[in-house]
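Spelled out, the chains give:
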Amino acid sequence: MISLFSSKKPEFAIDFGTANVRVVHRSEGILFDEPSLCCFTGPFGAEQLLAAGKTVRAMLDRTPSHMRIKYSLRRGVLQDIDAATHMLRYALRSSMGRTRRAGTRVLIGVPADATQAERAALLTAASDAGIDPVRLVPEPLAAAIGAELPIQRPAGTMIVECGAGTSEVAVISLGGICRTRSVRVGGASLSRAIADDLHLRHKLLIGDLTAERVMEEYSDVKQSADRSSSIEVKGRSLLTQMPAALSLSSTELDLVAEKHFRVIIEAVRQLLSETPPELSHDILVDGIVLTGGGALSPLLKSLMSQETGLAVHIAVDTRDCVVKGLQAMLH
């Protein structure tokens, strides 16, 4: 681990997310932004990397039997050390070139409640990828910095970072996290819930890529002025066993999204019930700030405001708050 008092600061930071890996440079900004996916070929135990990143995205649910696609993370935590190592190596090579020097100092964002075992696994993957030393940074803190919240003052700030794999709630004061709670739900679990709902109610099977697209189109429709737009979904009918398509209205997906968002809202309510009185006073005054891709849903904002009685704000450039905060911490 890098000493907090080290005179030599890292030049790079990595936002290693469930959906995407982003590499940011201190002065040059985001150098790499691709899906956290790896495709391997060959027998188990002797697998070889075939492709990583954006190339693999189009392969989802389309690979022959000798190819296997692996997610580096699931629900915000490391799922496969080998895939994570290859992904980090690919990301750094794409960002810095093949001639990068050994012993690259890097900041990496992690969920605030990551266990010691989960942190150790990430450090192992980073070391195997040639990243050493590493400093791990809590993602809600990075998101708050990226959202330009006044976290250094002696007052409480509540932030909800809505990621693809994990949604984290944190109360921050004097530059540190005072209280935190997380739930392993996010954009990925919402797209999976949409796929399950189509399976149960419409007898239509869709793949991960289609489910993700439907979720994104649903979010776009809810943000637009014309909420009557329909979403076309294509997959395989369980009734006919043939390719099929149907049109969905955004209101049909509201119940699925609401059930998903209430898990996040319950985490917010629980954390509020544990927050000391003076910090509660500050949150009552300033409200709650939402960051991350999931924060863009108007339904989440309205439900959270109704359930807590607090003002809820969506951060500017909400999708980029974590990576912008990591970049700020490099200075």
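Scroll up to find the structure.
Residues numbered from 1 in each chain as written. Predicted model: local features only at pLDDT ≥ 70, side-chain atom pairs only at ≥ 80, totals over all residues. Heavy atoms only, no water.

(A) Molecular detail of helix 5 (residues 187-202). With 16 residues, helix 5 ought to run about 22 Å at 1.5 Å a step, and its terminal C-alpha atoms sit 22 Å apart, in line with that. Turning to helix 5, its buried residues are Leu190, Ser191, Ile194, Ala195, Asp197 and Leu198. Around the axis of helix 5, the buried residues are gathered within 160° of arc, so they sit on the same side. On its buried face, helix 5 sits against strand 14 (204-205), helix 6 (208-223), strand 15 (230-237), strand 16 (243-249) and helix 7 (250-274). Downstream of helix 5 by a residue or two, Lys203 has a phi angle that is positive, lying close to 55°. (Helix = DSSP H or I, 4+ residues; strand = E, 2+ residues; numbered from the N terminus. Expected span 1.5 Å × (residues − 1). Buried < 20%, exposed > 50% of the residue type's maximum accessible area, 1.4 Å probe, protein only. Arc of directions from axis to C-beta. Contact = heavy atoms within 4.5 Å.)

(B) Expanded view of helix 9 (residues 298-308). Those residues of helix 9 that fall on the buried side of the exposure criterion are Leu299, Leu300, Leu303, Met304 and Thr308. With its buried residues spanning 135° around the axis, helix 9 presents them on a single face. Buried residues belonging to helix 9 abut strand 11 (157-162), helix 6, helix 7, strand 17 (288-291) and strand 18 (312-314).

(C) Structural view of the sheet that holds strand 17. The 5 strands lie next to each other as 13-12-11-17-18, forming an open sheet whose pairing is mixed. In the strand order of this sheet, the two ends are held by strand 13 (176-183) and strand 18, each with one partner. For this sheet, the mean angle separating the axes of adjacent strands, direction not counted, is 25°. As defined by bridge partners, strand 11 adjoins strand 12 (residues 167-173) across 6 bridges and the pair is classed as antiparallel. Its bridge partner lying in strand 12, Cys162 is registered against Ser167. Here helix 4 (residues 139-146) sits on the sheet and contacts strand 11, strand 12, strand 13 and strand 17; the angle it forms with strand 12, its principal contact strand, is near 65°. (Pairing = 2+ DSSP bridges. Axes fitted to C-alpha atoms, helices over the stretch in contact; angles between N-to-C directions.)

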